[in-house]
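# Inside the fold
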Amino acid sequence: MNAKLKKGFKYGLLTLMLAGTSSALAGTVTIITSFPKELTQAYKSAFEKANPDIKLEILNKNTVSGIAYVRETPAGQRPEVFWASAPDAFEVLGAAGLLEKAGDISNQDVPDKIGSFPINDPSGLFLGQALAGYGIMYNTRFLKAKNLEEPKEWHDLLKPEWFGNVGMTSPSRSGTQHLTVETILQGEGWDEGWNTIIRMAGNSSALTERSFGVPDGINNGQFGAGPVIDFFGLSSKFSKFPVEFIYPETTAIVPANIGLISGAKNTEEGKKFIQFALSKEGQTLLLKPEISRLPVLPYDKMDNIPEGYPDPIKLAERSKVHFDTNLSQKRYYIVQSLFDQTITFRHKELQQATQAILDAEKKLGDNASDKAKALLEEAKKLAWSPLITADQALSDEIQEIFQGDKKDVQVSQKISKLQGEWNSKAEANYKKAIELAKQAANA
């Protein structure tokens, strides 16, 4: 090969190598998220228009399944971005070493805190991309047809007239429901909080498979009301469904986060999407009626805020819950298991116990004897109390079981054994509560 030909060959080879490097960077960014299609499609279209060499792939899973997916996917094959509402989910991923710092890509116009809650993770593992509150969504036509008062607080959904008219889902099926449950537990305390959650579930006609099953059911009149994350209620309202959404006093305004998954295939371009989501353009997308999320970017840094749009700063000021993500992370799987064994898998028995108690109260009225009152109080205690105390939930024994490697056979067996005990105890408690409520009604 002559010198000129050799030089041309080397130049061509170098060009191919550089093209290969560029091709490896300009590719696909996979995002694992629990967010609905209306939101993800808006971001996909806007980002791909601004970055034509990058394609977004949306992997939609509920938050709990998303965490499991990242855990089980080998390093080097994982998605680039995790994007979800529940901050405790990011704490779980961070504790497992499944997130990595994205570097200095945050929007400097975003404040450090919302209320007393940091918007971005202090260690830099994830960033707040939107703000979220939790409350009650209700169907105005349903309420008018059934002559029900508009609910303003969680306890309104516990009233006898709401029996069979509430819709809920399980925290093991929905990260936003997990955060709602944890918000109530932290706002009301462990015992009182579980009483509220169990009674609300007892008044529920169904537990939906996914978090969006609750707002869908309220939109179409299957349910009168239910607990949802704010953007479900607000987007339905701004889309002209006959619904309203209200923030109760016991709520929390916390960041919906976005983070870079460690061991991903295309990290650098994953960062580009995170940066876009935090930009003014990305934040403005949140205001679209079909999305209706609260931006982390202050309103004085944005344009065209819709009239009557909720102000997260004012909501945070009136909220009485200072959400503790560390506490939530420690009992993350315990709360899910307790809910499922007490409520999800025993919902029929819980409904029957709730109805028996409400029927007895209605029959006795103000004329209950001391004996009837005592029987009824015991029935309520059995049906509507948590199976373990707050201290037990954080005890070394239970923590060791639920924080262990679930792929380990011994750990899995210990979890199954404990869950079986809780399930059996719940069944026995409901059965006894029904018996005592019937005795009270006839005392």
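Within an unreviewed UniProt entry, the label attached to the chain reads Extracellular solute-binding protein, and the organism entered is Advenella mandrilli.

Right, let's talk about the pairing of strand S9 (residues 166-169) for a bit. Burial along S9 is two-sided: the residues Val166 and Met168 and Gly167 and Thr169 are all buried. Of the strand pairs in this sheet, S9 and strand S10 (residues 204-208) are connected by four bridges, and their pairing is parallel. Opposite threonine 169, over in S10, you have threonine 208 as the bridge partner.

Looking now at the packing of aromatic side chains. Aromatic ring pairs are described here by two measures, namely the spacing of the ring centres and the angle between the planes. Overall, the coordinates contain 16 aromatic pairs when judged by the stated rule. Considering the side-chain rings of phenylalanine 35 and phenylalanine 231, the 6.2 Å spacing of their centres and the 90° angle between planes classify their relative orientation as edge-to-face. Of this pair, phenylalanine 35 sits in the loop between strand S1 (28-33) and helix H2 (37-50) while phenylalanine 231 sits in helix H9 (residues 230-238), and the two are 196 residues apart along the sequence. The two residues phenylalanine 35 and phenylalanine 231 agree in class, both being buried. Aromatic side chains tyrosine 332 and tyrosine 333 sit 5.1 Å apart centroid to centroid with 90° between the ring planes, which places their arrangement in the edge-to-face category. Taken together, the aromatic side chains of Phe35, Tyr43, Phe47, Trp83, Phe231, Phe232, Phe273 and Phe276 make up a single cluster linked through ring pairs. Just above the ring of tryptophan 384 sits the side chain of arginine 199; from NZ or CZ to the centre is 4.8 Å.

Estimates place the volume of the largest pocket at around 650 Å³. Lining the largest pocket are 25 residues, and of these Ala68, Arg71, Tyr333, Gly404 and Lys406 lie nearest its centre. Mapped onto the lining of the largest pocket, the elements with two or more residues apiece are helix H3 (63-72), helix H4 (87-95), helix H14 (332-342) and helix H19 (409-441). Residue classes in the lining of the largest pocket are distributed as ten nonpolar, nine polar and six charged.

Turning our attention to the packing of helix H15 (residues 347-364) against helix H16 (residues 370-384). Relative to each other, H15 and H16 sit at 155°, their axes nearing to 10 Å. Overall, the two elements H15 and H16 adopt an arrangement that is roughly antiparallel. Crossing of H15 over H16 shows left-handed handedness. In this structure, H15 contributes Leu350, Ala353, Thr354, Ile357, Ala360, Glu361 and Leu364 to the contact, and H16 contributes Ala372, Leu376, Ala379, Lys380, Ala383 and Trp384. Class assignment for the residues of the contact of H15 with H16 results in ten nonpolar, one polar and two charged.

Cut-offs applied
- Residues numbered from 1 in each chain as written.
- Predicted model: local features only at pLDDT ≥ 70, side-chain atom pairs only at ≥ 80, totals over all residues.
- Heavy atoms only, no water.
- Buried < 20%, exposed > 50% of the residue type's maximum accessible area, 1.4 Å probe, protein only.
- Helix = DSSP H or I, 4+ residues; strand = E, 2+ residues; numbered from the N terminus.
- Pairing = 2+ DSSP bridges.
- Phe/Tyr/Trp six-rings, centres within 6.5 Å; stacked < 30°, edge-to-face > 60°.
- Lys NZ or Arg CZ within 6 Å of the ring centre and 35° of its normal.
- 1 Å grid on protein atoms, 1.4 Å probe; cavity = no way out; pocket = protein on both sides within 12 Å on 5 of 7 lines; lining within 4 Å.
- Points joined across faces, edges and corners; volume = space filled by probe spheres on them.
- Nonpolar A, V, L, I, M, F, W, Y, C, P; charged D, E, K, R; others polar.
- Axes fitted to C-alpha atoms, helices over the stretch in contact; angles between N-to-C directions.
- Parallel < 35°, antiparallel > 145°, perpendicular 65-115°, else oblique.
- Left-handed = near helix turned anticlockwise from the far one by under 90°.
- Contact = heavy atoms within 4.5 Å.

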